[in-house]
Amino acid sequence: MLMFVVLATLYYFYESDRLNNDLEVDIQMNYIDCMKFQLEDCQKYQNATADFTPIYIHIFYAFILIVLLFAPISFFLALYALKPVRLASTMIDNFIANIVHDINTPIATIMLNAKSILRKSQEAPKKLLRILSSAKQLTDMQHDLLALADENGEIEKENIDLKSLSEEIVEGFKLQYPSQAFEERVEELKVEVNMVDMRRIIQNLLSNAVKYNRDENLIKIYTKNQNLIIEDQGKGMAHPEKVFEKNYREDYTIQGNGLGLASVLAMLERNNIDIEVKSELNVGTIIILNFH
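About the cut-offs
Residues numbered from 1 in each chain as written. Predicted model: local features only at pLDDT ≥ 70, side-chain atom pairs only at ≥ 80, totals over all residues. Heavy atoms only, no water. Helix = DSSP H or I, 4+ residues; strand = E, 2+ residues; numbered from the N terminus. Buried < 20%, exposed > 50% of the residue type's maximum accessible area, 1.4 Å probe, protein only. Contact = heavy atoms within 4.5 Å. Areas by Shrake-Rupley, 256 points an atom, 1.4 Å probe, with all protein chains shown as cover. Axes fitted to C-alpha atoms, helices over the stretch in contact; angles between N-to-C directions. Parallel < 35°, antiparallel > 145°, perpendicular 65-115°, else oblique. Left-handed = near helix turned anticlockwise from the far one by under 90°. Nonpolar A, V, L, I, M, F, W, Y, C, P; charged D, E, K, R; others polar. Expected span 1.5 Å × (residues − 1). Arc of directions from axis to C-beta. Polar contact = N/O pair within 3.5 Å; in protein donor to acceptor, adjacent residues only side chain to side chain. Salt bridge = Lys/Arg side-chain N within 4 Å of Asp/Glu carboxyl O.

Across its full length, the protein chain carries seven helices and seven strands. Beginning at the N terminus, the succession of helices and strands in the protein chain can be written as α-α-α-α-β-α-β-β-α-β-β-α-β-β. Taken over 292 residues, the protein chain has a buried fraction of 29%. Taking contacts inside the protein chain between residues at least 6 apart in sequence as the whole, the part at least 24 apart equals 66%. About 19,800 Å² of surface is accessible on the protein chain, with carbon and sulfur atoms providing 58% of the total.

Here it is in structure tokens:
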């Protein structure tokens, strides 16, 4: 369609020049004939100019007709061509969702047996703790993938205390990153969300703040005007509007798969939480969660 419009435009300019030359020759010939036969009012031929108005009107109507004819055809052909792609995408999403669901059983078995062994042992073997930690990471990844594969799935919501949840998560991060400074000033705030989703949202956002931080600068998590805010003094982002796109990464030197924030967005949307990202390169990033 676009190629046709371009070719038609080029042809229009070519024909306009040709017709203009032909009409000018006709006008001059009319003037010469008028003078030759000594007719009256020959001056009108000498000062006459080519009038393209009727031609322009015909071209305009022809163009509108062509657009009205080809636009629906192009639209339906595009839908027909993209149908296999949409079907393939749906099949892949369903396949991923089924696989992730199937993984749940062996992960749960590993965690239950490891916890059972841990309770019976007098000491906490490091290898066993590593197994539990790795199984917990797999569970978190499974939840994130399910959020991506089933963005519109039904979830159970409950009233949770955001202060208690944030304190618990920050304490875990302090143990995991002992040299990283955190400041937690979350006030009492009750929100109706899915508990697991909310936990993964905060964990993912804090994890990104730690990964992209500079010189272990202070990371803040606090509430203001019924909003939860996470603020860091890290590298910042050149394109904050793209961070929630699947597989998007600004820095490939930092470990990651580009799915963390995409899953965060899916969980935010199904919990009706708005997010705003403010970021400046070499200054830092501020993320605001609005619970309405």
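Additional details are given in the paragraphs that follow.
A word on the packing of helix H5 (residues 162–176) against helix H6 (residues 195–211). Two elements in contact, H5 and H6, have axes whose closest approach is 10 Å; the angle formed by their N-to-C orientations is 45 degrees. It follows that H5 is oblique to H6 by the angle criterion. Relative to H6, H5 is oriented so that their crossing is right-handed. Along its contact with H5, which presents Leu162, Leu165, Ser166, Glu168, Ile169, Val170 and Phe173, the element H6 presents Met195, Met198, Arg199, Ile202, Gln203, Leu206, Ser207 and Val210. When grouped by side-chain class, the residues that make up the contact of H5 with H6 number 10 nonpolar, three polar and two charged.

Here we take up H5. With 15 residues, H5 should reach 21 Å at 1.5 Å per residue; the first-to-last C-alpha distance of 21 Å fits that figure. Residues Leu162, Leu165, Ser166, Ile169, Val170 and Phe173 constitute the buried set of H5. Considered in projection along H5, the buried side chains sweep an arc of 125 degrees and stay on one side of the axis. Contacts from the buried residues of H5 go to strand S1 (158–161), strand S2 (182–185), strand S3 (190–193), H6, strand S4 (219–224) and strand S5 (227–232). One side-chain oxygen of the residue at the start of H5 lies 3.2 Å from the amide nitrogen of lysine 163, identifying that residue as aspartate 161.

Further remarks concern the environment of tyrosine 222. Residue placement: tyrosine 222 occurs in strand S4. Separated by 38 residues in the primary sequence, tyrosine 222 and glutamate 184 have C-alpha atoms spaced 5.9 Å apart. Apart from the residues lying within four places of it in its own chain, the contact partners of tyrosine 222 are Arg185, Val186, Asn227, Leu228, Ile229 and Glu231. Polar contacts involving the side chain of tyrosine 222 include one to the side chain of glutamate 231, which spans 2.8 Å.

So, about the pattern of salt bridges. Within the structure shown, the criterion is met by six salt bridges. Linking glutamate 168 and arginine 199 is a salt bridge whose minimum nitrogen-to-oxygen distance equals 2.8 Å. Here the residue glutamate 168 occupies a position in helix H5, and arginine 199 occupies one in helix H6, the gap between them amounting to 31 residues. Between glutamate 183 and arginine 185 there is a salt bridge, with its nearest N and O atoms 2.6 Å apart. Since its relative accessible area comes to 44%, arginine 185 is described here as partly exposed.

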